Amino acid sequence: MNQTITDMLSRRSIRSYKPDPIPEELLNQILEAGTYAATGGGRQSPVMVLVTDKPLRDKLSKMNAAVMGKDVDPFYGAPVVVSVLADPARNTYVEDGSLVIGNLMLAASTLNIGSCWIHRAKEMFESPEGKELLNQWGIPGYVGIGNCILGYVNGEIPEAAPRKEGYIIKA
């Protein structure tokens, strides 16, 4: 089987991480893969905000947990968060950002780095605190698509769930 397809079939969402930092060289490879995601009309509407600073990472975690109304770490202890945001002026901004996150997750998996897509980025960055961060980062008005958490897996990589019946319909 083709290596790319094997990598796609073996990627899993990870929900338990070691606190160990990821080397910059590996992070750069993962982020570069994100920049090569397909985007509508090739317009490249998304941006990725790399967060490795623990206080900022923890702030984002609290913002995400607040959207859920819970006092938990929705980032499962992952030391790295990549917030993917996109320009809503582009009609494909949600799809564009989603593909970026997909590329990030696949690239991480091929480098033996765990990842998981964490929702609620839209709500996080609609909050006053989120809007303040967008202004600090020079991207006011951008919309949160998702947070991709990254880190070394703490434990076993989960098995894939069986694929559902009727997933593929041949017309």
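None of these values were measured; they are calculated from a predicted model.

(A) Broad picture of the overall build of the chain. Broken down by element type, the chain carries six helices and four strands. Reading the chain from its N terminus to its C terminus gives the helix and strand order α-α-β-α-β-α-β-α-α-β. In terms of overall dimensions, the chain has a C-alpha envelope of 45 × 40 × 35 Å along the principal axes. Counting the 171 residues in the chain, one finds 37% classified as buried. Once local pairs closer than 6 in sequence are excluded, the contacts in the chain between residues at least 24 apart make up 81%. With an accessible surface of roughly 9,900 Å², the chain has 53% of that area assigned to carbon and sulfur atoms. Seen as two clouds, the 17 positive and the 19 negative side-chain charges of the chain have centres 6 Å apart.

(B) Inspection of the sheet that holds strand β1 (residues 46-51) at higher detail. In space, the four strands of this open sheet follow the order β1-β2-β4-β3, with antiparallel pairing throughout. The two strands at the open ends of the sheet, each matched to only one other strand, are β1 and β3 (114-118). Here the strands of the sheet are splayed against their neighbours by 20° on average, with no regard to which way each runs. Sheet analysis places β3 next to strand β4 (residues 143-151), joined by five bridges and oriented antiparallel. When the bridges of β4 are listed, Gly114 appears paired with Gly151. Each of β1, β2 (80-86) and β4 is contacted by helix α2 (residues 24-35), which is oriented at about 165° to β1, the strand it contacts most. Its contacts with the sheet place helix α4 (residues 93-110) against β1, β2, β3 and β4, and it is angled at close to 5° to β4.

(C) Broad picture of the packing of aromatic side chains. The full count for this structure, using the stated rule, is one aromatic pair. Consider the rings of Phe125 and Trp137, whose centres lie 5.9 Å apart with planes at 55°: the pair is tilted. Placement of the pair is Phe125 in helix α5 (residues 121-126) and Trp137 in the loop between α6 (128-136) and β4, with a sequence separation of 12 residues. Exposure remark for Phe125: the relative accessible area of 3% places this residue in the buried category.

Scoring rules and cut-offs
Per chain, the residues get numbers from 1 upward, laid out in the order the sequence is written. Owing to the predicted nature of the model, reporting of local features is limited to residues with pLDDT of at least 70; listing and counting of side-chain atom pairs is limited to 80 or more, with chain, interface and lining totals taken over all residues. Excluding hydrogens and water, the side-chain figures rest on all heavy atoms present in the structure. The helix and strand labels rest on DSSP assignments: H or I over at least four residues marks a helix, E over at least two residues marks a strand, and numbering proceeds from the N terminus. Only protein chains enter the accessibility calculation, which uses a 1.4 Å probe; a residue is then buried when its area is under 20% of its type maximum, exposed when over 50%, and partly exposed in between. Here, residues are in contact when the closest pair of their heavy atoms is within 4.5 Å. Per-residue and other accessible areas were derived by the Shrake-Rupley procedure at a 1.4 Å probe size, with only the shown protein chains allowed to occlude residues. When charges are tallied, Lys and Arg are placed among the positive residues and Asp and Glu among the negative ones, while His and the ends of the chain are skipped. Each charge is placed at NZ for Lys, CZ for Arg, CG for Asp and CD for Glu. When DSSP finds two or more bridges between two strands, those strands count as paired. Note on geometry: axes are C-alpha line fits, over the in-contact stretch for helices, and angles between N-to-C directions span 0 to 180 degrees. Under the pairing criterion, centres of Phe, Tyr and Trp rings, with the six-membered ring standing for Trp, must be within 6.5 Å; the plane angle then separates stacked pairs below 30 degrees from edge-to-face pairs above 60, leaving the rest tilted.

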